[in-house]
Amino acid sequence: MNKPVGKHLLDIKSLEHQEIEMLLKRAEHWSEQKSPSGPLPLAGKFAVNLFFEPSTRTRFSFEVAQKKLGLNVLQFSAESSSVTKGETLYDTLKTLESMGVEAAVVRHRESRILEPLADRVNIRLINAGDGVNAHPTQFLLDVLTMKQHFGSLKGLQVAIIGDLRHSRVARSHLWGLPRLGADVMLSGPEQMIIDPQKEGVAYPERIRVLPVDEAIRRADVVMMLRIQLERHDGELFSSPEIYQRQYGLTLERAEQMKKEAVIMHPAPVNRGVEIADELVESEKSLILKQMENGVYTRMAVMERALGGMEIWQPYLQTVNM
Amino acid sequence: MNKPVGKHLLDIKSLEHQEIEMLLKRAEHWSEQKSPSGPLPLAGKFAVNLFFEPSTRTRFSFEVAQKKLGLNVLQFSAESSSVTKGETLYDTLKTLESMGVEAAVVRHRESRILEPLADRVNIRLINAGDGVNAHPTQFLLDVLTMKQHFGSLKGLQVAIIGDLRHSRVARSHLWGLPRLGADVMLSGPEQMIIDPQKEGVAYPERIRVLPVDEAIRRADVVMMLRIQLERHDGELFSSPEIYQRQYGLTLERAEQMKKEAVIMHPAPVNRGVEIADELVESEKSLILKQMENGVYTRMAVMERALGGMEIWQPYLQTVNM
Amino acid sequence: MNKPVGKHLLDIKSLEHQEIEMLLKRAEHWSEQKSPSGPLPLAGKFAVNLFFEPSTRTRFSFEVAQKKLGLNVLQFSAESSSVTKGETLYDTLKTLESMGVEAAVVRHRESRILEPLADRVNIRLINAGDGVNAHPTQFLLDVLTMKQHFGSLKGLQVAIIGDLRHSRVARSHLWGLPRLGADVMLSGPEQMIIDPQKEGVAYPERIRVLPVDEAIRRADVVMMLRIQLERHDGELFSSPEIYQRQYGLTLERAEQMKKEAVIMHPAPVNRGVEIADELVESEKSLILKQMENGVYTRMAVMERALGGMEIWQPYLQTVNM
């Protein structure tokens, strides 16, 4: 088996600090340049998007990123494929690898499904969300958005509020944000809170559980998580209205936010549940900026997976460790 | 919000007469040239096709048009997306806009769903059929086909026959054909007829309701509408055979057509129901020509949405108002 | 109707021997060169993949081949199209042809569905598997794989084992392998065996039915067919375990294979049913090579359908009849 030139992206915790910084710098480059000038850097290569869970946002964000770089993109949805014939993910990946496909973006409802495959395939794996485990590109695009707004994450107070237990986004942030110098406050319904100690994160001392009103008052970033209405129905909270009153970012709570604080959300938003409708596109909100940055971040991630390492040389010198 | 360069296409009634003429001239240009020579005019840009109803013809026609112009195309089908998570069309459009997608082609079962969104998004909206309201690109390709065949629409007698009540195609023609100088005859089962007066069309005096045999005898264009067999089953007519005998274009009725008259249909055809099987590809039929013109028309529509207005300058001088 | 430049590919039996050789030579060319150097030979042209049955492998293999050659690819899946409105395949093909699409790759559960259409459409038809009838590109890629490994098919002993009755792959091989000089041994459960005499093949004297152990001992190529677990459940064999013991390529049986013999399978494999898990990627297995060759073979097939005949001139002189 040939050693792949590019690299898998399985989660945040297995990334070197330096790699995170380089990915962010490259994403910032795309944020400024929007699209390649001149010949497309990954033209003629193939990537596949394997989505075993429904998704608009992440799938399209990857597809735009891939096509901007010139990649040929194969789209795979679980319904119309041989997966209905019971093929394993490993065999699907080996099939695509044999056809010359060099990268696979995978979303799957099973946590850590990619880890045991990483050493067994040459095709580069990019985790686009696996169960409740990790969502590394969401972490990177969120951090890019924070850095653009605040300059640095050092000392930044980030409140993450909502269904933490079922959130791969939250888990990626618990691993990554403290390593970049931010402090994390967790808040939400008791049954949805997780214990940072048990998650085995890197800097548990930078993570606290707080009541929602206090977290919102202290935060520089109020990151509201999506309530999976389709999963909980009545089980974890009695109604969307009651959830909003108890844990949502209402207009009243938003008035308690610091003057310079911002609102973020991984989207799609349940308007009027996690966040009051009027706040979603308000001046305080970076939600649309997050979506824009998703494309630039995924361009950097695809380049890391496919483009060889020479493109990272200019960043190596400038990375501030 | 930046003012978009290109323009929405929501329906026919909101188009200036001059814009209709320019779109037709540009479509005719593509009808002659088939494909761009030299660099693709919209290369590097992104469009999305959002189809909330099944469609082969219109979706592929747009996709061919888009790819001929060099657009990157995202395909969205309602089943495999976050729409299953209850996201609104507005939020889907804002998401795509944030990612840098510049045009959205939308088919939806709800009438007038795009109108309230037009002022709220920067992404350019193109109506590919909304409920029973409008199907503007079908109107334009039909008119292009008539102009190619007859030279002008002035005084042209167009019979539109079938389920007028449920037809967005018919409604677009009721608005558009009389403005271009054609007279319209409507015919069909009593329960499927609409009252032009109540539709608020521009030139009600150019629209008449006639018995099917008389309409066919008088017409230059016999446009048969598709019976939605899947919607009516037995409710509005007792059987396909009886429908054909009463309102279909049978071989006997086709013999009553004027010598130079032609047959059109927005397709897909129920062969042997609206039209006798033998007539679909007969010499009198322009149905395949309509499909071909659909691509050229949609190329012009995509350019109008995305390409900036400078390409229309040469046509401005030649448009005959 | 204009005479098409390229050619349909409906099955193996209607191919001239010379055409098979040319396709194999062109596929071997792509096997060496991997991708076109310089401008893409089919850039700007359109092909459609019409899959009325689920498929990962064949659909992606065609898509990679098409995009490597520069084709614009339309993807059609039965679920989200006007086929739900009852349109016939003929009308779908005429529609796509009218739009300027030049080739249609079709998979369908009905045998010989393309034959009656071949003379009625200009769009070039490529059979990607029709019912139990034929799978010509699978035949070609298998033969390419055998030729690369053994140099020639003359005198090669090929055992085809499993559900022959429902296998379009087997039927294509029964027609094609003997014509290229190979001898075929058939084996499998009694209810799944077919009678070569009744199939009307070209060289019935080169086809024998043998017990599975004997076939495996004699074979140069052991080609295991997929058991359609989803179709048979309990009807034709009592359990996957019993099937494996009676007809599968177990480790014990693999030890009886000749030293130079190889394992093939059209895939996807039911690991542990037709073939022991450990054998699938063993040294004896050419299964991944088959998948790789699938792309090169389909590049040649797409060129034959679309590219004009001049590219075949260099091969005409070298073909050894």
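Just so it is clear, the model here is predicted, and its values are computed rather than measured. (Residues numbered from 1 in each chain as written. Chains lettered and ligands numbered in written order. Predicted model: local features only at pLDDT ≥ 70, side-chain atom pairs only at ≥ 80, totals over all residues. Heavy atoms only, no water.)

### Considerations on the nonpolar core
Convention followed: Think of a nonpolar core as a cluster: buried Ala, Val, Leu, Ile, Met, Phe, Trp, Tyr and Cys residues, connected wherever their side-chain atoms sit within 4.5 Å. To sort residues, take the accessible area from a 1.4 Å probe on protein chains only and compare it with the maximum for the residue type: under 20% means buried, over 50% means exposed, and anything in between is partly exposed. Secondary structure elements are defined from DSSP: runs of H or I of at least 4 residues count as helices, runs of E of at least 2 residues count as strands, and each element is numbered from the N terminus. In what follows, residue pairs with any heavy atoms lying within 4.5 Å of each other are defined as contacts.
Residues Leu-50 of chain A together with Ile-160, Leu-177 and Met-302 of chain C are the most contacted members of the largest nonpolar core, which totals 84 residues. Of the residues forming this core, the biggest block, eight residues, is contributed by helix α11 (residues 287-306) of chain C. If we skip the residues at most four places from it in the chain, Met-302 of chain C touches Leu-42, Ala-47, Phe-62, Gln-66, Leu-69, Leu-71, Ala-103, Val-105, Ile-126 and Gly-307 of chain C.

### Digging into the interface of chain A and chain B
Rules: The term buried area denotes the loss of accessible surface (1.4 Å probe radius) that occurs when two parts are joined, taken as the sum for both partners. What counts as a salt bridge is simple: a side-chain nitrogen of Lys or Arg found within 4 Å of a carboxyl oxygen of Asp or Glu. We call two N or O atoms a polar contact when they sit within 3.5 Å, provided that within protein one can donate a hydrogen and the other can accept it, with sequence-adjacent residues counted only if both atoms are side-chain atoms.
Counting residues at the interface gives 21 residues for chain A and 22 residues for chain B. A buried area of about 2,000 Å², summed over both sides, lies between chain A and chain B, and 57% of it is on carbon and sulfur atoms. Here chain A is connected to chain B by one salt bridge. Notably, a salt bridge pairs Arg-271 of chain A with Asp-91 of chain B, separated by 2.8 Å at the nearest N-O pair. If you look at where chain A meets chain B, you find four residue pairs in polar contact (both at pLDDT 80 or more). Going through the elements one at a time, α2 (57-68) and α11 (287-306) of chain A are the ones with two or more residues in the side of chain A that touches chain B.

### Section: the interface of chain C and chain A
Across the boundary between the two partners, chain C contributes 21 residues, which contact 22 residues of chain A. Around 2,000 Å² of area is buried between chain C and chain A when both sides are counted, 57% of it from carbon and sulfur atoms. At the junction of chain C and chain A, the tally comes to one salt bridge. On the surface where chain C and chain A come into contact, there are four residue pairs in polar contact (both at pLDDT 80 or more).

### Section: the sheet that holds strand β2 (residues 72-77) of chain A
Residue and element names in this part refer to chain A. Put simply, the test is: In this analysis, strands are considered paired if DSSP registers two or more bridges between them. Orientation is described by lines fitted to C-alpha atoms, with helices fitted over the stretch in contact, and by angles between N-to-C directions that extend from 0 to 180 degrees.
Here four strands make up an open sheet; going across it, the order is β2-β1-β3-β4 and the pairing parallel. In the strand order of this sheet, the two ends are held by β2 and β4 (124-130), each with one partner. For this sheet, the mean angle separating the axes of adjacent strands, direction not counted, is 15°. Sheet analysis places strand β3 (residues 103-108) next to β4, joined by five bridges and oriented parallel. Residue pairing in the sheet places Ala-104 in a bridge with Leu-125 of β4.

### A word on helix α9 (residues 240-247) of chain B
All names here are of chain B. Counted only if it meets this: The arc refers to the directions leading from the helix axis to the C-beta atoms.
All buried positions along α9 are accounted for by Tyr-243, Gln-244 and Tyr-247. Down the axis of α9, the sector holding all buried residues measures 105°, keeping them to one side. Exposed side chains of α9 directed beyond 90 degrees from the buried face belong to Glu-241 and Arg-245. Among the structural elements, β5 (157-161), α7 (212-218), β8 (221-224) and α10 (251-256) are those in contact with the buried residues of α9.

### Quick look at the relation of the copies chain C and chain A
Stated precisely, the cut-off is as follows: The copies are overlaid by a least-squares fit using only the C-alpha atoms of residues whose pLDDT is at least 70 in both copies.
Overlay of chain C on chain A (RMSD 0.0 Å): rotation 120°, translation along the axis 0.0 Å. Here the two chains are linked by the operation of a three-fold rotation axis.

### Details of the domain arrangement of chain A
All names here are of chain A. Using the following cut-off: Delimitation of the domains relies on an automatic or database domain assignment. Gly is put with the polar residues, along with every residue not named as nonpolar or charged; the nonpolar set is Ala, Val, Leu, Ile, Met, Phe, Trp, Tyr, Cys and Pro, and the charged set is Asp, Glu, Lys and Arg.
Annotation of chain A at the domain level lists domain 1 (17-135 + 291-316) and domain 2 (136-287). Each partner contributes to the interface: domain 1 provides 27 residues, whereas domain 2 provides 25 residues. A per-residue breakdown of the area domain 1 buries against domain 2 is headed by Leu-24, Val-132 and His-135, which together make up 30% of the total. Summed over the shared surface of domain 1 and domain 2, the result is two salt bridges. Arg-168 is the partner of Glu-53 in a salt bridge, and the nearest nitrogen-oxygen pair spans 3.3 Å. Put simply, domain 1 and domain 2 have 14 residue pairs in polar contact (both at pLDDT 80 or more) between them. Those elements that provide at least two residues to the side of domain 1 that touches domain 2 are α1 (17-33), α2, β3, β4 and α11. In terms of residue count, α1 provides more of the side of domain 1 that touches domain 2 than any other element does, eight residues in total. Along the lines of polarity and charge, the residues of the side of domain 1 that touches domain 2 split into nine nonpolar, 11 polar and seven charged.

### As for the environment of Gln-197 of chain C
Tracing the chain through its elements places Gln-197 of chain C in helix α6 (residues 196-199). For the pair Gln-197 of chain C and Ile-207 of chain C, spaced 10 residues apart in sequence, the C-alpha to C-alpha distance is 9.2 Å.

### Looking at unusual backbone geometry
That bond from Ala-267 of chain A to Pro-268 of chain A is cis: its omega, 0°, falls within 30 degrees of zero. Tracing the backbone shows Pro-268 of chain A in the loop between β9 (262-264) and α11. With a phi angle near 70°, Lys-34 of chain B is a residue other than glycine that sits in the positive phi range. In this fold, Lys-34 of chain B is placed in the loop between α1 (17-33) and β1 (46-51). Of the residues examined, Lys-34 of chain B reaches a relative accessible area of 35% and is grouped as partly exposed.

### As for the packing of helix α4 (residues 136-150) of chain B against helix α5 (residues 168-176) of chain B
Residues and elements named next belong to chain B. This is how the line gets drawn: Each angle receives one of four descriptions, namely roughly parallel if under 35 degrees, roughly antiparallel if over 145, roughly perpendicular if within 65 to 115, and oblique otherwise. Note: crossing handedness is left-handed where the near helix turns anticlockwise from the far helix by less than a right angle, and right-handed where it turns clockwise.
Relative orientation of the contacting elements α4 and α5 amounts to 60°, with a least axis distance of 9 Å. Between α4 and α5, the interaxial angle falls into the category oblique. Once α4 is placed against α5, the crossing between them reads as right-handed. Taken together, the residues of α5 that come into contact with α4 (itself represented by Pro-136, Gln-138, Phe-139, Asp-142 and Met-146) are Val-169, Ser-172, His-173 and Gly-176. A per-class count over the contact of α4 with α5 returns four nonpolar, four polar and one charged.

### What about the pattern of salt bridges?
On inspection of all chains with the given rule, the structure shows 57 salt bridges over all chains. With a closest N to O distance of 2.6 Å, Asp-277 of chain A and Arg-271 of chain A form a salt bridge. Residue Asp-277 of chain A is classed as partly exposed on the basis of its relative accessible area, which comes to 41%. Arg-271 of chain A gets classed as partly exposed once you look at its relative accessible area, which sits at 26%. Connected via shared salt-bridge partners are Asp-91 of chain A together with Arg-271, Asp-277 and Glu-281 of chain C.

### Thoughts on the pairing of β8 of chain B
Residues in a regular strand project their side chains so that they alternate between the two faces of the sheet. All names here are of chain B. Of the two faces of β8, the one holding Val-221 and Met-223 and the one holding Val-222 and Met-224 are both buried throughout. Looking at chain direction, β5 and β8 are connected through four bridges and run parallel. The residue of β8 that forms the bridge with Val-158 is Val-221. As paired elements, β8 and strand β9 (residues 262-264) share three bridges and run parallel to each other. Of the residues in β9, the one forming a bridge with Met-223 is Met-264.

### Details of the sheet that holds β5 of chain B
Residues and elements named next belong to chain B. Spatially, β7-β6-β5-β8-β9 is the arrangement adopted by the five strands of the open sheet, whose pairing is parallel. If you trace the sheet from one side to the other, it starts and ends with β7 (207-209) and β9, each paired once. Averaged over all neighbouring strand pairs, the angle between strand axes comes to 20°, with direction disregarded. The sheet contact formed by β5 and strand β6 (residues 183-187) spans five bridges and is parallel. The residue bridging Gln-157 from the neighbouring strand is Asp-183, located in β6.

### Some details on the packing of aromatic side chains
The description of an aromatic ring pair rests on the distance of the ring centres and on the angle between the ring planes. To keep it simple, the criterion reads: Classification of ring pairs rests on two measures: the distance between centres of Phe, Tyr or Trp rings, Trp counted by its six-membered ring, which must be within 6.5 Å, and the angle between planes, read as stacked under 30 degrees, edge-to-face over 60 and tilted in between. Ring-over charges, as used throughout, are those where CZ of Arg or NZ of Lys falls within 6 Å of the ring centre and within 35 degrees of the ring normal.
Following the criterion strictly, the structure yields nine aromatic pairs over all chains and no others. Ring plane angle 45° and centroid distance 5.7 Å describe the contact between Tyr-243 of chain A and Tyr-247 of chain A, whose orientation is recorded as tilted. Of the two residues, Tyr-243 of chain A and Tyr-247 of chain A are both situated in helix α9 (residues 240-247); the distance of four residues between them amounts to about one turn of the helix. For Tyr-243 of chain A, a relative accessible area of 1% puts it in the buried group. An aromatic cluster of three or more residues is present, and its members are Phe-52 and Phe-76 of chain A together with Phe-60 of chain C. Across from the ring centre of Phe-60 of chain A, 4.9 Å away, lies the NZ or CZ of Arg-59 of chain A, which sits over that ring. Taking NZ or CZ as reference, Arg-298 of chain A lies 4.9 Å from the ring centre of Phe-62 of chain A, over its face.

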